[in-house]
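Residues per chain are reported as follows:
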Amino acid sequence: MSRRSDSGYDGPLSSGCQPLASGRDADVYALDGDRVLRRYRSGGDVRAEAAVMTYLHRLGYPVPRVHHAAGPDLVLDRLVGPTLAQAGVAGRTDARSAARILLDLLGRLHALPARRAAAPGDRILHLDLHPENVVLAHSGPVVIDWRNASEGRPGLDVAMSAVIVGEVAADSGAPLCRPARELLVAYVARTGPLALLGQAVDLRRTLGPPGDGRLAAAELIRALTLAGREV
């Protein structure tokens, strides 16, 4: 059985066309044992995202290999393993380890040369790197969902990850509030003050979900940073 999206993938889907996973913007379908189809529900053009992933894959950065990219559809390597978020909830990874994994992935990314940025210090930025976008595969952590990828100052990426985690940590009604707060504490303890926190909050207004969660996150991050400096 197959489903076609305009100018996208036009091949067979397995599992009765039921998605393996669904995120805020996209659904993931199994194609076979080795590949998945990631399809954006609102349409769009994945070529820019695919170009970044292909570039990073060639440099040895842990991203899924791109097999096909057209319209709203990406055909990627199938990853086996829990997300970092799932591993944390299950008790397989503690907050300190999760913070170390996130910052290691960010550091490795920012050590690579940018594709096209003019400023010497600019690097590729993921701008959505949080525990649900890290898969703990057999080969090690792999970063997924590069739709927001851009180029700029690495500190913006580091601050953005803190804001995203902080949005959950600052929401007392969120089921994952407590583990998110523990992660944020460990993350900020490793980063220290985030010089580009304000810029990350402003950018999150464009890239993130609606609401004021980013503002509450920034307040919490500043409080945790101050508390850490006073210890």
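Since we're looking at a predicted model, the values are computed, not measured.

Here is what the cut-offs are and how they apply
- Residues numbered from 1 in each chain as written.
- Predicted model: local features only at pLDDT ≥ 70, side-chain atom pairs only at ≥ 80, totals over all residues.
- Heavy atoms only, no water.
- Helix = DSSP H or I, 4+ residues; strand = E, 2+ residues; numbered from the N terminus.
- Rg over C-alpha atoms; globule rule 2.2 N^0.38 Å.
- Buried < 20%, exposed > 50% of the residue type's maximum accessible area, 1.4 Å probe, protein only.
- Contact = heavy atoms within 4.5 Å.
- Areas by Shrake-Rupley, 256 points an atom, 1.4 Å probe, with all protein chains shown as cover.
- Lys, Arg positive; Asp, Glu negative; His and termini not counted.
- Charge placed at Lys NZ, Arg CZ, Asp CG, Glu CD.
- Pairing = 2+ DSSP bridges.
- Axes fitted to C-alpha atoms, helices over the stretch in contact; angles between N-to-C directions.
- Phe/Tyr/Trp six-rings, centres within 6.5 Å; stacked < 30°, edge-to-face > 60°.
- 1 Å grid on protein atoms, 1.4 Å probe; cavity = no way out; pocket = protein on both sides within 12 Å on 5 of 7 lines; lining within 4 Å.
- Points joined across faces, edges and corners; volume = space filled by probe spheres on them.
- Patch = residues over 30% accessible without salt bridge, like charges linked within 9 Å, V, L, I, M, F, W, Y side chains within 5 Å.
- Salt bridge = Lys/Arg side-chain N within 4 Å of Asp/Glu carboxyl O.
- Parallel < 35°, antiparallel > 145°, perpendicular 65-115°, else oblique.
- Left-handed = near helix turned anticlockwise from the far one by under 90°.
- Nonpolar A, V, L, I, M, F, W, Y, C, P; charged D, E, K, R; others polar.
- Core = buried A, V, L, I, M, F, W, Y, C linked by side-chain atoms within 4.5 Å.

(A) How the structure looks around the overall build of the protein. Check the secondary structure of the protein and you find seven helices and nine strands. Rg of the C-alpha trace for the protein: 18 Å, near the compact-globule value of 17 Å for 231 residues, within the 12% margin. Each of the three principal axes of the protein carries a C-alpha extent, and together these read 60 × 40 × 35 Å. Counting every position in the protein, which comprises 231 residues, the buried fraction comes to 47%. For the protein, contacts bridging at least 24 residues in sequence account for 64% of all contacts bridging at least 6. In the form shown here, the protein has an accessible surface area of approximately 11700 Å², with 50% of it arising from carbon and sulfur atoms. Taking the 28 positively charged and 25 negatively charged side chains of the protein as two groups, their mean positions are separated by 3 Å.

(B) Local environment of the sheet that holds strand S1 (residues 21-22). Strands sit in the order S1-S2-S3-S5-S4 across an open sheet of five strands; the sheet is antiparallel. The open sheet has two edge strands with one neighbour each: S1 and strand S4 (66-70). The pairing of strand S3 (residues 35-40) with strand S5 (residues 73-77) spans five bridges and is classified as antiparallel. Bridge assignment links Leu37 to a residue of S5, and that residue is Val75. Along the sheet, helix H1 (residues 47-58) contacts S3, S4 and S5; its crossing angle with S4, the most-contacted strand, is approximately 160°.

(C) Region of interest: the packing of aromatic side chains. This structure, assessed with the given rule, holds one aromatic pair. Between the aromatic rings of Tyr61 and Trp146, the centroid separation amounts to 6.0 Å while the plane-to-plane angle is 85°, which identifies the pairing as edge-to-face. Placement of the pair is Tyr61 in the loop between H1 and S4 and Trp146 in the loop between strand S8 (140-143) and strand S9 (150-152), with a sequence separation of 85 residues. Here the two residues Tyr61 and Trp146 agree in accessibility, since each one is buried.

(D) Representation of the layout of surface pockets within the structure. Taken as a whole, the second largest pocket spans an internal volume of roughly 180 Å³. Along the walls of the second largest pocket sit 15 residues, with Ala48, Glu49, Val52, Arg147 and Ala149 positioned nearest its centre. When contributions to the lining of the second largest pocket are tallied by element, the ones reaching two or more residues are H1 and S9. With three residues, the top contributor of residues to the lining of the second largest pocket is H1.

(E) View of a nonpolar patch on the surface. Side chains of Val89, Val168 and Leu176 sit close together on the surface and give an oily, nonpolar patch of about 220 Å² of accessible area. Residue class for Val89 comes out exposed when judged on its relative accessible area of 57%.

(F) Layout of the packing of helix H4 (residues 154-169) against helix H5 (residues 177-191). Here H4 crosses H5 at 155°, and the two axes come no closer than 8 Å. Judged on the interaxial angle alone, H5 and H4 are roughly antiparallel. As for how H4 packs across H5, the hand of that crossing is left-handed. Note on element contacts: H5 touches H4 through Cys177, Ala180, Arg181, Leu183, Leu184, Tyr187 and Thr191, opposite Val158, Ser161, Ala162, Val165, Gly166, Val168 and Ala169. The class makeup of the residues in the contact of H4 with H5 is ten nonpolar, three polar and one charged.

(G) Region of interest: the pairing of S4. The pairing of S4 with S5 spans four bridges and is classified as antiparallel. Bridge pairing in S5 places Val66 opposite Leu76. Linking S4 back to S5 in an antiparallel pair, the connection comprises two residues, with Gly71 at a positive phi of about 55°.

(H) Structural context of the nonpolar core. Ranked by internal contacts, the top residues of the largest apolar core, which has 57 residues, are Leu56, Tyr61, Val134, Trp146, Leu184, Tyr187 and Ile221. When residues in this core are grouped by element, the largest group, nine residues, is from H4. Setting aside residues no more than four positions away along its own chain, Tyr61 makes contact with Leu56, Leu105, Leu106, Arg108, Leu109, Leu112, Val143 and Trp146.

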